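# Fold and geometry: a report
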Amino acid sequence: MKIFVTVKQVPDTSGKVAVKPDGTLDRASMATITNPDDMNAVEAALKIKDETGCRVIAVSMGPMTAESMLRELMAMGVDEGLLISGREFGGSDTYATSQIIAAGIDHYGLEPDDIIFSGRQAIDGDTAQVGPQIAEKLHIPQVSYAGEVTKAGNKLTVKRMLEDGYMTVEVETPCLITCIKELNEPRYMSVSGIDGCFDKPLIIYDYNELKDHPLIDPTTIGLKGSPTNIYKSFTPPQKGAGRMLTGSAKETAKELASVLSEKHLI
Amino acid sequence: MILDAKHAMLQKLFREFAQTEFTKELQDRLDQTGEFDWDIHKKMAKYGFMGLRIPKEYGGSGMDYLAYALMIEELARVDAVLSIYANTSNSLGGGPLLLAGSEEQKKKYLPPVASGEKIVVFCLTEPGAGSDAGGTTTTAVQDGDDFILNGRKTFVSGAPMADWAIIFAKTDPTARGSRGISMFILDMKLPGVTLGAPEKKMGINGYPTCDIVMENVRVPGDCLVGQLNKGFSIAMRTLDGGRLGMAAQAVGIAQSCLDEAVKYAKERKQFGRPISDFQGVSFMLADMEAEIQAARQLVYHAAELKDHNMDATRACSAAKLIAAETANRCAYKAVQIHGGYGYIKEYKVERLYRDARICSIYEGTSQIQQVVIAADLLKNA
Ligand SMILES: Cc1cc2nc3c(=O)[nH]c(=O)nc-3n(C[C@H](O)[C@H](O)[C@H](O)COP(=O)(O)OP(=O)(O)OC[C@H]3O[C@@H](n4cnc5c(N)ncnc54)[C@H](O)[C@@H]3O)c2cc1C
């Protein structure tokens, strides 16, 4: 049994946000972090590793500089890094990205008792599409929005957190789970983990390595293979701060009515 | 110095850990109650902080002095006292065993210290022997295979929590000055060992300091660490490394002073603009920045010398002297920039001012660093 965790290096939006003249993010000039939801996915994998001793492989598609992120994850306890990197893959949208990552995982070898953990969504795109699409491409079941995961044999019990409640789902391996931040609290790197992380294996798949995989085709990867076309990107105007009315229903209703009438809305 | 990938990653770990775990609530509680917090101690141990410098074969992670300096600096930048939590085992506590301990002693004492289960403290200072540490009056008299210890050690950081204490005692009463002193590891549970009341301190509250009194304490012979009568030179070599750590702590405190001062100077408005617009204020910030840069580089350089097994006595003392004085000057300026608010406990600089004050006192006062530097300078001139 082994666990794949899909991870993405994203711009640190808590720092300065740099935008290019065309409205897209100027990634090169921003500090990077590991996508926050992906950290929960890593922690979920490491928890199972603590119990079972299984191998954990962090998989990322991105530029070679993503190695620094993979090394940090290794310093937390991840055993191996798999970096899918190549010019041909650049400009991929979620459809093409999941195609490529699915090919990478399949090329590495997905076995019946394996699990894939993904973060729910990346803070730079907020699509929440890549995890589920990887599962579709690999023809394995997926459970999204995991807020609790327990494992017994080849069965995982997952509490799916929904807006108005939760759903408990049982799923068999191999499967893909997308994780939300309520799932756990990611551990830090450790001193000995940092000491050892530079000796752990980092595998790099470039285009040549993956080009014969059935999912990889010039028409389904990279900018050309991406069905998404950006029509326009813009920063939405800032909304003013809201106002919270507190008190009994009667009082707040009265206050609300007077505010609305002051503004000549009623 | 530009850090390599490994040290940059360590720095990131220490920074993230301190910023997240050293909550304001924890910092205030430590400062107000003065009590040791086992939870944060255990958490720091879990991530390998206590055993950072202890070699792998004794349960630590065998990191270098640069890693140690980075750790103390980053922890102290958030809370000075919590940097001491991770310091003792890597420095004055574990150091003497690493320098002079036998294989059995290292195997027995170091692994539980590295894992944070046990605490070992360092006892050199006595009521009458501070800067003049060689003036030790604690005695150890051989009795069969054992030694009988009598005396009083003062200002022992961590004494109330300690399982073991490194004790320096006179074993040859005929030898003069710092000669004839031996080093022992004392089990704090032995009959005849008692603690003084915890000192009420100006700062670094939350890591209790008190006296250890020994009255006819029978210590087995295998608790002698290193050679008989040769303990003082081990103490001095331990303090080299210790001073490096305390210099790093001073840099962390100084940086924290600057961080707070910059933030406040940009927020606070007088005469219709932020006070950082006034050169009288911004030049104070500039001086702080320049001095901190200088102190930090001295610390990293001293660490590098030690990591290359080069003579670092003068460099460690120089780093401690400059960093400690820098921390004090920065604390003064940070409070000054805060005006009246800097004098009020609600603001962090009020505590920084008190914490900074210890830097130029313990592990050798600034004057003693000058003594060490001058002696080394003149010896080689
Ligand atoms: C909070 C705290 C924690 C401590 N923790 C420990 C610990 O864990 N273990 C331990 O062993 N000790 C510890 N100490 C003791 C500390 O190292 C001593 O206080 C320090 O070395 C100074 O000694 P003293 O207090 O006796 O001062 P003194 O030596 O009496 O010094 C008084 C003044 O005289 C100056 N002076 C002395 N000699 C000279 C000289 N030759 N030339 C010029 N000036 C001189 C000093 O610089 C100082 O200004 C701690 C102290 C404190 C306050």
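Residues numbered from 1 in each chain as written. Chains lettered and ligands numbered in written order. Predicted model: local features only at pLDDT ≥ 70, side-chain atom pairs only at ≥ 80, totals over all residues. Heavy atoms only, no water.

## Notes on the packing of aromatic side chains
Counting across every chain of the model gives 19 aromatic pairs over all chains. Joined through ring pairs, the aromatic side chains of Tyr-188 of chain A together with Phe-14, Phe-17, Phe-22, Tyr-47 and Phe-49 of chain B make up one cluster. Above the face of the Tyr-65 of chain B ring, Arg-53 of chain B is positioned so that its terminal group lies 3.7 Å from the ring centre. (Phe/Tyr/Trp six-rings, centres within 6.5 Å; stacked < 30°, edge-to-face > 60°. Lys NZ or Arg CZ within 6 Å of the ring centre and 35° of its normal.)

## Regarding the sheet that holds strand 10 (residues 175-179) of chain A
Residues and elements named next belong to chain A. Taken in spatial order, the 9 strands make up an open sheet running 9-8-7-10-6-1-4-5-11, and their pairing is mixed. Whereas interior strands pair on both sides, the edge strands pair on one side only; in this sheet they are strand 9 (165-172) and strand 11 (202-205). In this sheet, adjacent strand axes meet at a mean angle of 30° when their direction is disregarded. Where strand 7 (residues 142-152) and strand 10 come together, 3 bridges link them in parallel fashion. Its bridge partner lying in strand 10, Val-143 is registered against Ile-177. (Pairing = 2+ DSSP bridges. Helix = DSSP H or I, 4+ residues; strand = E, 2+ residues; numbered from the N terminus. Axes fitted to C-alpha atoms, helices over the stretch in contact; angles between N-to-C directions.)

## Regarding the interface of chain A and chain B
Of the residues lining the interface, 13 residues belong to chain A; the matching set on chain B comes to 18 residues. Interface area for chain A against chain B, summed over the two sides, is near 1400 Å², with a carbon-plus-sulfur share of 69%. The three residues of chain A that bury the most area against chain B are Tyr-188, Val-191 and Asp-195 of chain A, which together make up 52% of that side's buried surface. Summed over the shared surface of chain A and chain B, the number is 3 salt bridges. Put simply, Lys-12 of chain B and Glu-72 of chain A hold a salt bridge, and the shortest N to O gap is 2.8 Å. Here chain A is connected to chain B by 6 residue pairs in polar contact (both at pLDDT 80 or more). Secondary-structure elements contributing two or more residues to the side of chain A that touches chain B are helix 2 (67-76) and helix 5 (191-197) of chain A. Counting residues per element, the side of chain A that touches chain B draws most heavily on helix 5 of chain A, which supplies 5 residues. Here the side of chain A that touches chain B is built from residues that sort into 7 nonpolar, 2 polar and 4 charged. (Contact = heavy atoms within 4.5 Å. Buried area = accessible area lost by both parts, 1.4 Å probe. Salt bridge = Lys/Arg side-chain N within 4 Å of Asp/Glu carboxyl O. Polar contact = N/O pair within 3.5 Å; in protein donor to acceptor, adjacent residues only side chain to side chain. Nonpolar A, V, L, I, M, F, W, Y, C, P; charged D, E, K, R; others polar.)

## Examining a nonpolar patch on the surface
Residues and elements named next belong to chain A. Together, Tyr-145, Met-161 and Tyr-166 give the surface a local cluster of nonpolar side chains, amounting to about 290 Å² of exposed area. In this structure, Tyr-166 sits in strand 9. Under the relative-accessibility criterion, Tyr-166 is labelled exposed at 53%. (Patch = residues over 30% accessible without salt bridge, like charges linked within 9 Å, V, L, I, M, F, W, Y side chains within 5 Å. Areas by Shrake-Rupley, 256 points an atom, 1.4 Å probe, with all protein chains shown as cover. Buried < 20%, exposed > 50% of the residue type's maximum accessible area, 1.4 Å probe, protein only.)

## Examining the nonpolar core
The biggest cluster of nonpolar side chains holds 166 residues, and the ones touching the most others in it are Leu-73, Phe-117 and Ile-177 of chain A together with Met-44 and Phe-49 of chain B. If you tally residues by element for this core, the top one is helix 8 (residues 231-267) of chain B, at 17 residues. Sequence-distant contacts of Ile-177 of chain A, defined by excluding residues within four places in its chain, comprise Ile-115, Ile-116, Phe-117, Ser-118, Val-143, Ala-146, Val-149, Leu-156, Val-158 and Val-171 of chain A. If you look at the next biggest cluster of nonpolar residues, it comprises 24 residues, including Ile-57, Ile-84, Leu-210 and Ile-216 of chain A. (Core = buried A, V, L, I, M, F, W, Y, C linked by side-chain atoms within 4.5 Å.)

## Structural notes on the pairing of strand 8 (residues 155-162) of chain A
All names here are of chain A. Of the pairings in the sheet, the one linking strand 7 to strand 8 comprises 6 bridges and is antiparallel in character. If you follow Thr-150 over to strand 8, its bridge partner there is Thr-157. Counting the residues that bridge the hairpin from strand 7 to strand 8 gives 2 residues, and of these Gly-153 lies at a positive phi of roughly 60°. Where strand 8 lies against strand 9, 8 bridges are found, and the strand directions are antiparallel. By the bridge assignment for strand 9, Met-161 is matched with Tyr-166. What sits between the antiparallel neighbours strand 8 and strand 9 is a turn of 2 residues.

## So, the site of the ligand
All names here are of chain B. Near the ligand you find 17 residues, and of these Thr-125, Ser-131, Phe-155, Ser-157 and Thr-365 are the closest. Contact distances for the ligand include 2.8 Å between a nitrogen atom and a backbone N or O atom of Phe-155. Between the ligand and Ser-157 there is a distance of 2.7 Å, counted from a nitrogen atom to a side-chain nitrogen or oxygen. A total of 970 Å² of accessible area belongs to the ligand in isolation, and the protein chains cover 63% of it. Counting only elements with at least two residues in the shell around the ligand, the list comes to strand 1 (120-123) and strand 3 (146-157). (Near = heavy atom within 4 Å.)

## With respect to the environment of Leu-176 of chain A
All names here are of chain A. By secondary structure assignment, the location of Leu-176 is in strand 10. Separated by 34 residues in the primary sequence, Leu-176 and Gln-142 place their C-alpha atoms 4.6 Å from one another. Beyond its immediate stretch of four places on either side in the chain, Leu-176 contacts Ile-116, Ser-118, Gly-131, Pro-132, Ile-134, Ala-135, Ile-140, Pro-141, Gln-142 and Val-143.

## Structural notes on the confidence of the model for chain B
With 100% of its residues at a pLDDT of at least 70, chain B reaches an overall mean of 96. For this predicted complex, the interface score ipTM comes out at 0.89, while the overall pTM is 0.91. (pLDDT = per-residue confidence, 0-100.)

## As for the packing of helix 4 (residues 65-78) of chain B against helix 8 of chain B
All names here are of chain B. Here helix 4 crosses helix 8 at 35°, and the two axes come no closer than 7 Å. The chirality of how helix 4 crosses helix 8 is right-handed. Mapping the contact onto sequence places Tyr-65, Tyr-68, Ala-69, Ile-72, Glu-73, Ala-76 and Arg-77 in helix 4 and Gly-241, Gly-242, Leu-244, Gly-245, Ala-248, Gln-249, Val-251, Gly-252, Ile-253, Gln-255, Ser-256 and Asp-259 in helix 8. Class assignment of the residues belonging to the contact of helix 4 with helix 8 gives a composition of 9 nonpolar, 7 polar and 3 charged. (Left-handed = near helix turned anticlockwise from the far one by under 90°.)

## Digging into the pattern of salt bridges
Residues and elements named next belong to chain A. One pass over the structure, following the stated rule, counts 37 salt bridges over all chains. Arg-187 serves as the salt-bridge partner of Asp-50, at 2.9 Å between the closest nitrogen and oxygen. Taken as a pair, Asp-50 in helix 1 (residues 36-52) and Arg-187 in the loop between strand 10 and helix 5 lie far apart in primary sequence, 137 residues in all. Here the residues in one salt-bridge network are Glu-43, Lys-47, Asp-50 and Arg-187, joined through shared partners.

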